[in-house]
Every structure is written in structure tokens, then in C-alpha cells.
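Summary of structural features
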Number of protein chains: 2
Amino acid sequence: MSNIAIVGAGLMGTATAWPLSDNNHNLRLIGTHLDADIIKSCKERRFHPRLKRILPEGVEPFYIEELAQALEDVEIIVGGVNSLGVRWLGRTLGPHLRPGQLIISVTKGLELQGEDQLVLLPDLVARAFPPLIRDQVTLAAIGGPCIAGELAGRRHSCVVFGSRDREAVERLASAFRTSYYHVWTTTDLFSLEICAALKNAFTLGVGIVAGLLERSGGIDEAEACMHNLAAAAFAEGCAEISTALRILGGTPGFAHALPGVGDLYVTSMGGRTVRLGRLLGLGHSYAEARELMAGETLESVEIVRVMGKALPKLEAQGLVSSEDFPLLRLLVDVIVHAKTLTLPLDAFFAEIKQGTP
Amino acid sequence: MSNIAIVGAGLMGTATAWPLSDNNHNLRLIGTHLDADIIKSCKERRFHPRLKRILPEGVEPFYIEELAQALEDVEIIVGGVNSLGVRWLGRTLGPHLRPGQLIISVTKGLELQGEDQLVLLPDLVARAFPPLIRDQVTLAAIGGPCIAGELAGRRHSCVVFGSRDREAVERLASAFRTSYYHVWTTTDLFSLEICAALKNAFTLGVGIVAGLLERSGGIDEAEACMHNLAAAAFAEGCAEISTALRILGGTPGFAHALPGVGDLYVTSMGGRTVRLGRLLGLGHSYAEARELMAGETLESVEIVRVMGKALPKLEAQGLVSSEDFPLLRLLVDVIVHAKTLTLPLDAFFAEIKQGTP
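Now for a look at the structure at hand. In this text, all values refer to a predicted model and were calculated from it rather than measured experimentally. (Residues numbered from 1 in each chain as written. Chains lettered and ligands numbered in written order. Predicted model: local features only at pLDDT ≥ 70, side-chain atom pairs only at ≥ 80, totals over all residues. Heavy atoms only, no water.)

Some thoughts on the relation of the copies chain A and chain B
Superposition record for chain A on chain B: RMSD 0.0 Å, screw rotation 180 degrees, translation along axis 0.0 Å. Here the symmetry operator amounts to a two-fold rotation axis. Among all residues of chain A, the minimum C-alpha distance to the rotation axis is found for His256(A), at 2.7 Å. Comparing interface residues between copies, 100% of those in chain A also lie at the interface in chain B; the contact surface is shared. (Least-squares fit on C-alpha atoms with pLDDT ≥ 70 in both. Contact = heavy atoms within 4.5 Å.)

In C-alpha cells form, the structure reads like this:
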């Protein structure tokens, strides 16, 4: 039984409260400055308005102003912010950290720093910590397919915890594991986070096909959908995750495992990323789609922007050829360069053409 | 412009008539003895009752009794039977074959012969040919995600043609390729066919989750489905395809490409295999489910049976350990051994546990 703080009261951070509560930990749920309404509801009615559920036992809600108090004597901190909030998280947690603490992040994304360095979000959090404490705490992250509302509904969920520190990741896994929250562990944090970040981009491909179907008049008179095309986009996404892992020095096999294809599958079942893709497939420019989804955080767009900057650098280094990543390049063209959408199908699956899948 | 015969007037065989017709080939669509009603409708009204479409131009329908006439002067034969019909196809075609003909099969499956030999279906077709002609014709197969009704609706479809003969497979691809039927080629027929066969088994995993969701009362009050669990089953299926390719001497990368994950995705979007899985997830025994789906060809069951026989042989040879293939073993237990269904989640993803995905 540990004291555990969840910082960020959004969907995914809060959802970890269910397995943690079932394991009898003392939990403090701390909203960011954007979560004040959520925390108010949690304090007054124990009801989380976005998850639409009553909080489980043992969870105490805190406003951000109560952070210092809420972080007292915690062993584990769950980073529950989105990818735009990781620097804030690092700066905010920094002054309160103590040696030996474990910080596990649910955030999915990547950032490009300097000229050509792709930085994992847990490392970005750590970089914002005061230098003296930075090496005395351990960072970890959660990958794999996990819709927050299902975890909070105690539905079976299979995830992967990653940390470069084997002991830390095993300790975290045993703190979280329940009969329905199945946790695998890896020390290959890099491959885990590359998958977690890129699946948000490639899910746009599946969403685009949903839009193309509607635009073409929908299901036809003989009941034909566009599952064949969606499957091609899905497979190309999976193959491009594998290529990215290979090029960036990760483990390509993650692509056809839980963190790659598993997460790509679950994200393709619906949600913001599919909705954005659908709008693009319907023929909206990214600017129009962005307006239609005003107020929503679009992590898929962030990772497309990051990769749009990274690809030319990787090409300049000779790591990436112009034939690699046709789907990712399309997404960059549409979202960053406002180009018209055409799925470059015949550029897909170069690895089959070359006999090296 | 070639003379091309399609033998078997089911969904998938017939659907290839659309790209072939758009490429101006002369087409003969030959029903098997099971397709007499279909051919009658095609002859009388040019309407294919299962595809629910008017046949495209240039397709001449034939009853099986007219086979000899229909096969005159054909360069390419499309094998359009299901996996239970491949021996019949070989025996039936054999006497009519001429040197240089290409035979491309849409059938997906595997067979175990003798003690421990997994045989690809195109090879099974060829074995039924008279010995004198066997080496003078070339066998090929189609893999990748392709729902027949979508192809017949001229929806974009990306597939892989495989043959051990590079020249033959390129000739076939150029006969079939259109602006909507995108064809990649490979000489790795083995990996292509392993993917095509196994995806039918693993799609049952996704179907089972649909049944488990219904059995548990369906979507809950906060709108939680079981996509997390379906994604885990999907990812384990993909990982087990990769393992099978590695163990059997194929190319593991096919698992995260069009023939593996692409076909697994499209098959998971609905159809017989998902319906059978759903019935099993709802708690029906396989015998009950089989009765509820009376009259339907269940290729997923055939491949589960084949692998149920192959696994012990592969284990005896030391190629497979008892920890490999937990999802496939579950399917064998439920379908072959009438055991009760419990998803062995914690046995999944051994490759992550072992750090070797």
C-alpha cells in the first residue's frame, strides 16, 4: 500500500485510479489549472464528469493550488497530462521531488529538439526537473491499447510499462496490476514511446478512409464499405511504425505487438483522431477541420508536426530515403503544408516490393 | 487481352471479374456443382445473387458441365473455390491443362499432410494435377485484405500476388491491375499463404470479444465497450502470425504488412469468422455455434483444426514451446476439444516478457 499522486485529472490519468484503488493504495488526484471544474465535481460529488463515473474509494481530489500538500510522502507519481503539458509537468513537479520517487507517464508523443533529436516525453519531463534531483528519480511510461473509459469500467486492458530501470518498472507494474489491468514490462522505453507517439499519426489514415467513404456517397447499393482501403491504410501505418523503429534504432518487432498494432487498433475504433481523419477525408482542409474541432487537444497533429520537421533532418543524414513513410508524408503534406489529400496507395508497401518486409 | 477462366462462382472468385473486365480480358465464369443457381441467374439475368451485382461486360457464365468448352484457349485460370474445394479443383482442372498456363488461387488455408507437413493450398491443387502437366503450369495465390463485395464495387483494394516464379507473378499482376485494384507481388508464396490462412483463425479472437461484451451486458452506463480487450486479442493474433512465420521458416515481417495485419484487420470488420467468434464469446460451445451457423463454410474452423494437429508435431520436433501460441491453443481447445472458453490474457505477449518482440 503506497501513497500515489495522479497529476492531471483528464481521462487517462484519472482512469489509473481504478486499478490503483483496487490495490488499496492511497490516491491523490490533482487537477491541473485546466481541470478545476473536474476537481470541483470530484470534491463535491465524487463524480468525474468526463469519465462519467463516481471515483473509486481511496481517491482524494486536489486543486493545483493544493499540490504541495497532495505530493507529501508519495512514492509514485502518475503523470496524467497531455503532450502539450509535459514541460509544465516537469517544472511543476520539480521542486517537490524526493530521491527514489517513481514517475510514470500516460502521455503519448515525441518532441524534436535542436536540429535533429527526437526526445521521448518522459525525458522531456525529466529535463525540466532541477539538476540535483533529476538522476535520483526514475521515469517510466505506459504504452499499449487502453481507452480510459474502459479501464475505469474495469474492462480487461493489456498495457506495457516501460522504464530503462528494470527494478523500477517491475515495482510500478506490481503496484498497478489487477485481475483486469494486465501489465507487461519492458526496459525498451524508446521503442514503446515511438509506437505510442506514431500510432496517433497513423490512426488518421483509418479516419481518412471513413471520410472518403462518406464523400463517395457511403455504403453502396450492394452494401460495400471501404474496409479494404482502411485495412491498407492500417497495414501501411503498422509497417511505417516498424520502419521508424528500425531507422531510429528501436526494436521493429514492437510494431506487430501490443504497443504498435494493438494501440493502432484501439485508436482506430473511434475518438478524436478518427474524427479528425474523417474530416480530412471528407475534403476539409486541415484549417477547416481544426476549426470544426475547436477546443479539442489533437495529439495526432502534434506528432505529425514533429515528424514533419524530423523527416528532412533524417533524410539529410541518409537515414531515411524519399520512398520511406509515404503515409506519414501525406499527413505532413495535408496538415502542415495544406496540400490536397490523395492517398498515395501505389507508394505504400515498398518493403513488399523490395522483398524485405 | 487474354482469355481468362474463373473456376468457382462464389464471392471472391467472381469479384476478380471486375478488374479483369476493366482490363478488357475475355472472361469465362464457371460455377462448381454448388454454384448452379448462381450460374442460372448469371445466364438469365447477368445478376450474381450473392454479390448482388450485375456482372461486368465480357463475362460469360458457364455451368460445370460446360467446363471443357469454357477452358478452351485460356491463358490464366482463377481458382475461386473455398479451402474445402481445392482437391476437387486440382482433379477437375487437371485433364484440361496445357503447358504455360497460370493458375492463381483466391483460396485461403493450409493443410497438414502425413505426419508433420503443412502444405499450401496452391501446392495441394497442383498435387492433384496429372504428373506430366504439373511442372508445366505455374501456381500463384492472392493474399492481403480484400472483401469481395468491395472489389466488385470497384473500391480501392490493395492485395499481394504470390508465386515462386517471378515472371509468372508479374505477368499475372499486370493482367489484373487497375486504378482501384492495387497489386503488389512476392515470390515468398509461403509467407503470403501462412498469413492468409492464419488470419482466419485469429479473427476469431476479435469476434470472441464481441461476444464477451454482449454476455457482460453490453456497453456500460459510461459507454465503455471492450475495445481494449479486442485490441489485445488482435495484437496477440498479429504476434502469433509473426511467430508462426519465424518457426516455419517464413519472413516474420509479413505479419506487420498487408498480408498479415492488413488481412487480419479487414476480416475483423465483420463476416462469418467474427460471427462464429461472437457465438463462442457469448458462451456457446463450438457444437452449438456450428449448428447456429448451419450451412456456412467456416474456413476459420478448418485452419484451427489443421493447426491443432500441427502444434503437437511441431512441439515434438522442438520447434514450438508450450508457451508459444496461447491464443491459437485456446481456439484449438474450444473448437477441437470442446473446452470452456477463457482468454488466457496473462500468457499473451511472451515476446514482450522475454524482451524479444
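Let's pick the thread back up.
Regarding the packing of aromatic side chains
Within the structure shown, the criterion is met by 13 aromatic pairs over all chains. Both rings, one in Phe348(A) and one in Phe349(A), keep their centres 5.6 Å apart while their planes meet at 85 degrees; by these two values the pair is edge-to-face. For the residue pair Phe348(A) and Phe349(A), the accessibility class agrees, reading buried in each case. Among the aromatic residues, ring-to-ring pairing joins Phe234(A), Tyr265(A), Phe234(B) and Tyr265(B) into one connected group. (Phe/Tyr/Trp six-rings, centres within 6.5 Å; stacked < 30°, edge-to-face > 60°. Buried < 20%, exposed > 50% of the residue type's maximum accessible area, 1.4 Å probe, protein only.)

A few points about the pattern of salt bridges
Across all of its chains, the model carries 34 salt bridges over all chains by this definition. Residue Glu170(A) pairs with Arg166(A) through a salt bridge whose shortest N-O separation is 2.6 Å. Here the residue Glu170(A) and the residue Arg166(A) both occupy positions in helix α9 (residues 166-176), the gap between them amounting to 4 residues, near one helical turn. By relative accessible area, which is 30% here, Glu170(A) ends up partly exposed. Taking relative accessible area as the criterion, Arg166(A) reaches 37% and is therefore assigned partly exposed. Between Asp263(B) and Lys199(B) there is a salt bridge, with the nearest N and O atoms lying 3.6 Å from each other. In this pair, Asp263(B) sits in helix α12 (residues 258-268) while Lys199(B) sits in helix α10 (residues 189-215), placing the two residues 64 residues apart along the sequence. Owing to a relative accessible area of 1%, Asp263(B) belongs among the buried residues under this scheme. (Salt bridge = Lys/Arg side-chain N within 4 Å of Asp/Glu carboxyl O. Helix = DSSP H or I, 4+ residues; strand = E, 2+ residues; numbered from the N terminus.)

Section: the interface of chain A and chain B
Counting residues at the interface gives 61 residues for chain A and 61 residues for chain B. Of the roughly 5000 Å² buried at the junction of chain A and chain B (both faces included), carbon and sulfur atoms supply 63%. Counting every contact that joins chain A to chain B gives 6 salt bridges. The salt bridge partner of Glu221(B) is Arg53(A), with a shortest N-O separation of 3.6 Å. Scanning the region where chain A abuts chain B turns up 27 residue pairs in polar contact (both at pLDDT 80 or more). Going through the elements one at a time, α8 (148-152), β11 (157-162), β12 (181-186), α10 (189-215), α11 (227-248), α12 (258-268) and α17 (350-353) of chain A are the ones with two or more residues in the side of chain A that touches chain B. At 11 residues, α11(A) tops the list of elements feeding residues into the side of chain A that touches chain B. Taken together, the residues of the side of chain A that touches chain B break down into 36 nonpolar, 15 polar and 10 charged. (Buried area = accessible area lost by both parts, 1.4 Å probe. Polar contact = N/O pair within 3.5 Å; in protein donor to acceptor, adjacent residues only side chain to side chain. Nonpolar A, V, L, I, M, F, W, Y, C, P; charged D, E, K, R; others polar.)

A short note on the environment of Asp73(B)
All names here are of chain B. Relative to the assigned elements, Asp73 resides in the loop between α4 (67-70) and β6 (76-79). Judged by its relative accessible area of 54%, Asp73 is exposed. In this structure the C-alpha to C-alpha distance between Asp73 and Gln101, which are 28 residues apart in sequence, comes to 9.6 Å. Other than its neighbours up to four places away in sequence, Asp73 contacts Asn3 and Arg98.

Observations concerning the sheet that holds strand β10 (residues 138-143) of chain A
Residue and element names in this part refer to chain A. Pairing is mixed in the open sheet, where 8 strands are placed in the order β5-β2-β1-β6-β7-β10-β11-β12. In this open sheet, the two strands that pair with only one neighbour each are β5 (59-62) and β12. Strand-to-strand twist in this sheet, taken as the mean axis angle between neighbours without regard to direction, amounts to 25 degrees. The pairing of strand β1 (residues 3-7) with strand β2 (residues 26-30) spans 5 bridges and is parallel. The partner of Val7 across the bridge, within β2, is Ile30. Sheet contacts for α9: β6 (76-79), β7 (102-105), β10, β11 and β12; angle to β12, the most-contacted strand, approximately 180 degrees. (Pairing = 2+ DSSP bridges. Axes fitted to C-alpha atoms, helices over the stretch in contact; angles between N-to-C directions.)

Some points on the pairing of β2(A)
Side chains on a regular strand alternate between the two faces of the sheet. All names here are of chain A. Among the 5 residues in β2, 4 count as buried, and that is most of the element. Relative to β5, β2 runs parallel, the two sharing 4 bridges. The partner of Leu29 across the bridge, within β5, is Pro61.

Considerations on the sheet that holds β6(B)
Residue and element names in this part refer to chain B. Strand order in the open sheet formed by 8 strands is β5-β2-β1-β6-β7-β10-β11-β12, and the pairing between neighbours is mixed. Strands at the two margins of the open sheet, each flanked by one partner only, are β5 (59-62) and β12 (181-186). Here the strands of the sheet are splayed against their neighbours by 25 degrees on average, with no regard to which way each runs. Packing of helix α9 (residues 166-176) onto the sheet brings it into contact with β6, β7 (102-105), β10 (138-143), β11 (157-162) and β12, and relative to β12 it is tilted by some 180 degrees.

Here's the deal with the side chain of Glu193(A)
All names here are of chain A. Residue placement: Glu193 occurs in helix α10. Buried charge without a salt bridge: Glu193, with Lys108 as the nearest opposite-charge side chain at an N-O distance of 7.5 Å. Apart from residues lying up to four places away in sequence, Glu193 is in contact with Thr107, Gly109, Leu120, Leu121, Pro122, Ala141 and Ile142. (Lys, Arg positive; Asp, Glu negative; His and termini not counted.)

A word on the state of the cysteines
A full pass over the atoms with the stated rule returns 0 disulfides over all chains. For Cys195(B), which is in no disulfide, the shortest distance to another cysteine sulfur is to Cys238(B) and amounts to 8.6 Å. For Cys195(B), a relative accessible area of 0% gives the class buried. Considering cysteine sulfurs only, Cys146(A) is the nearest to Cys225(B), which forms no disulfide, with 14 Å between them. Judged by relative accessible area, which is 15%, Cys225(B) ranks as buried. (Disulfide = S-S within 2.5 Å.)

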